[in-house]
Structure formats: C-alpha cells, structure tokens
Amino acid sequence: MATAYRTHVSIIADILATAKQYSYEGYDDGATVTHLIRKANVPHQRLGSIVSALTESGLLYEESTKYRISEKGIEFLRAYNEFKGFAEGFGLKV
Amino acid sequence: MAELLFELPMNLLGLGISAFIGRFAYSGYSAIASPNLLRLTFAFIFVAAGFVFLAGGLFAGDYGRAIGTIGLAAQAIGYFFIAFSHSLKSFDAAPPRSFALLVPLALTPFIIPGNSIEHLVRSISFILLVYVSIETMASYMQTRKSSTLMIGSGLGLLALAELMAWYSFVYPGSLFYYAAIAIKVTGLGLLFVPFSKFGLASGLGGRLNSKIGNGL
C-alpha cells in the first residue's frame, strides 16, 4: 500500500492549524515548539526553517517562546481549505 | 458558413470556461503558492489560448489549417501540464504503474497512416488526456468525491473528442468533426460544474490580489 505524502503547503497548513488551535480554541497562550512538532507531525530540524519562514511572512508571530497565528495566517488557512477541494477535484494535492 | 455558425460559438464557449478555470487556479496560486495550482494555471491558460487560435483560424482563409494546428498544439501543452502534475504524484507515492499502460498508446503517432503534424498533435493530446482521466478516476476510487468523478469524466470526454476528431481525418466531410467539438465543450462543461461550486461561491475576484502566501 502506498503511503500518503504531504506537500510543503499542506505541512504549512498543519502547522498553522495547530497554532490556530492553541491561539483561539480554548488554549489562548499559543503553541510551543513541542506542540507544533507533535500535532503537525514535523521533525524539529525541518520545523525550525518552516516556522522562521512563516514568521517572516507574517503568518505566525512569536510571543514569549510560543507561536500564535496571525489574521493573515487564518486567511491563508481559509484559502488553503478552499483550494484544496479544487485541486482534489483534479485528483491533485495543493 | 455552417462551420462558422457552429465552431465559433463552441470555441468561444470553450475559451470562456477554460479561461475562468485558469483564473481561479491562478488566484489559488497567488493565495497559497501551491506548485500544482501554478501548473493548473498554465494548463488552462494554454487550453484557452488554443481556443483563441482555433477561433482565429476560422477567419484566416488559407492559413486556417496552420493556425488551427497551432491552437491544438497549445492545448496539447496545456494537457501536458495536468499530466505532469499527476506524474509527479505517481512517482512520489508509488512505482509508475500507470506508465506501463501508456506504452501502446505512445506508439500510435507512428502507426497512423499518412502522418501529419495535426495527427501527431491530436494523438499526443489523446494520450495525455487518457492518462490524466485514468489518474483522476483512480483518485476518485480513493476519495469518492463527486467533484473528482465529474472532472475525471470531463477529461475522459476531452479524450473522446480528440479520438472523434481523428476519425474526421479518416472520414472527411462526416459529422465526426462537429461531434468532436460538441463533445469537447461538453467535457469542459463537466470540468466547470464542480469548479463553479468552488469558484463562484467563494468570490473569485477578491482572491486575485491577496498574495497571502507570497514568499513561502
């Protein structure tokens, strides 16, 4: 059986979804690096570079060693879910 | 005159549908910077450009055949971009089992009697479309999404249209050519139905300048 792979964009979406969960949905402090590693299922080495890129592009922001999702990040997640359906219609992943 | 009355509206309809899907795919790329959405953008831009050439060829007199062939070639490039996205997925997830099925099809350009550029282009388009529709149907078998089934069927109809158009070479003056154009536009219409659910419901224009994922 073939293993399901994740694209770079879907890994970003998983990280942002985790940050969103820890920013708004009952956990207001933000997500720690451990939360991101465990929930988004990304190795620590890879997470560092992705989180840096997300912070630089304003999708995440750091607040006392915890990561919170920005408005731009929420908009990205909304767009991701919308276009994911579109690409899946063609049998592709975003 | 009959050609103009039938072919021109069909080509313009195909142009409208493919340009709309391409624009939506581009708005997706500008929002989340997905390479697959960029490939879909290129694919539908080339398909739309193909329809422009096909419509333009109707008014080009002696050069009409040549301009029409350029249009078909542009559409074949468009289909290549979709097939390329599927081939990346296949190589990433599993051995390229689907390519074995394509070997006999890949030989078709060389066994068609009286080869011409138009024959070759149509054969290549047919091969690419069959591959893409098989891959899309395989995805449907996994996800069971009605939108995937509809798009897979649409791509299958586009492949059938290429086959019918090839038959019009064998039987010139028959209705095969008109049937091919009608089937092609029906296929594009099937692509449009699930797209309209995503595109029209979500405010297509507002996404174009958002550039949310710019720089990722």
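This text goes with the structure placed above it.
Residues numbered from 1 in each chain as written. Chains lettered and ligands numbered in written order. Predicted model: local features only at pLDDT ≥ 70, side-chain atom pairs only at ≥ 80, totals over all residues. Heavy atoms only, no water.

Novice: Pulling in residues and values, what's your account of the overall build of chain A?
Specialist: Scanning chain A from terminus to terminus reveals four helices and two strands. The helix and strand sequence of chain A, counted from the amino end, reads α-α-α-β-β-α. Computed over C-alpha atoms, the radius of gyration of chain A comes to 13 Å, within 12% of the 12 Å expected from 2.2 N^0.38 for 94 residues, which places it in the range of a compact globule. On the principal axes, the C-alpha backbone points of chain A span a range of 40 × 25 × 25 Å. Looking at chain A residue by residue over its 94 residues, the buried ones come to 47%. Counted over contacts in chain A with a minimum sequence separation of 6, partners at least 24 positions apart contribute 53%. Positive and negative charge centroids in chain A, built from 11 and 11 side chains respectively, lie 7 Å apart. (Helix = DSSP H or I, 4+ residues; strand = E, 2+ residues; numbered from the N terminus. Rg over C-alpha atoms; globule rule 2.2 N^0.38 Å. Buried < 20%, exposed > 50% of the residue type's maximum accessible area, 1.4 Å probe, protein only. Contact = heavy atoms within 4.5 Å. Lys, Arg positive; Asp, Glu negative; His and termini not counted. Charge placed at Lys NZ, Arg CZ, Asp CG, Glu CD.)

Novice: An account of the environment of Gly89 of chain A is requested, with residue identities and associated values reported.
Specialist: Its place among the elements puts Gly89 of chain A in helix H4 (residues 71-89). Between the C-alpha atoms of Gly89 of chain A and Leu36 of chain A, which are 53 residues apart in sequence, the distance is 29 Å. Residues within four places of Gly89 of chain A in sequence aside, it is in contact with Thr136, Ser147, Thr148 and Ile151 of chain B.

Novice: Just give me the short version of the packing of helix H2 (residues 33-40) of chain A against helix H3 (residues 44-56) of chain A, but keep the residues and values in it.
Specialist: All names here are of chain A. At a minimum axis separation of 11 Å, H2 and H3 run at an interaxial angle of 110°. With respect to H3, the axis of H2 lies roughly perpendicular. You can see that H2 and H3 cross each other, and the crossing is right-handed. Counted together, Val33, Leu36 and Ile37 of H2 and His44, Leu47 and Val51 of H3 form the full contact between these two elements. (Axes fitted to C-alpha atoms, helices over the stretch in contact; angles between N-to-C directions. Parallel < 35°, antiparallel > 145°, perpendicular 65-115°, else oblique. Left-handed = near helix turned anticlockwise from the far one by under 90°.)

Novice: Break down the environment of Gly68 of chain B for me, with residues and values.
Specialist: Within the fold, Gly68 of chain B resides in helix H3 (residues 64-93). When the C-alpha atoms of Gly68 of chain B and Ala55 of chain B are compared, they prove to be 7.9 Å apart, with 13 residues separating the residues in sequence.

Novice: Quick one: what's the story with the packing of aromatic side chains, residue by residue and with numbers?
Specialist: All chains considered together, the criterion is met by 15 aromatic pairs over all chains. Here the aromatic rings of Phe46 of chain B and Phe81 of chain B are separated by 5.8 Å at their centres, their planes lie at 20°, and the arrangement is stacked. Of the two residues, Phe46 of chain B is situated in helix H2 (residues 35-57) and Phe81 of chain B in helix H3; the sequence distance between them amounts to 35 residues. Exposure remark for Phe46 of chain B: the relative accessible area of 27% places this residue in the partly exposed category. Between Tyr177 of chain B and Tyr178 of chain B, the ring centres sit 6.1 Å apart and the planes meet at 70°, which makes this aromatic pair edge-to-face. For Tyr177 of chain B, a relative accessible area of 26% puts it in the partly exposed group. Put simply, the rings of Phe83, Phe86 and Phe90 of chain A together with Phe24 and Phe44 of chain B touch in pairs and so form one group of aromatic residues. (Phe/Tyr/Trp six-rings, centres within 6.5 Å; stacked < 30°, edge-to-face > 60°.)

Novice: Break down the pairing of strand S2 (residues 66-69) of chain A for me, citing the residues and quoting the values.
Specialist: Side chains on a regular strand alternate between the two faces of the sheet. Judged from the four bridges that link them, strand S1 (residues 60-63) of chain A and S2 of chain A form a sheet pairing that is antiparallel. Looking across to S2 of chain A, one finds that Glu62 of chain A is bridged to Tyr67 of chain A. (Pairing = 2+ DSSP bridges.)

Novice: Run through the packing of helix H5 (residues 117-143) of chain B against helix H6 (residues 146-170) of chain B, naming residues and quoting values.
Specialist: Residues and elements named next belong to chain B. In the contact formed by H5 and H6, the axes pass within 8 Å of each other and the chain directions differ by 160°. As judged from the angle between their axes, H5 and H6 are roughly antiparallel. Where H5 crosses over H6, the handedness of that crossing is left-handed. Taken together, the residues that form the contact of H5 with H6 break down as 15 nonpolar, 10 polar and three charged. (Nonpolar A, V, L, I, M, F, W, Y, C, P; charged D, E, K, R; others polar.)

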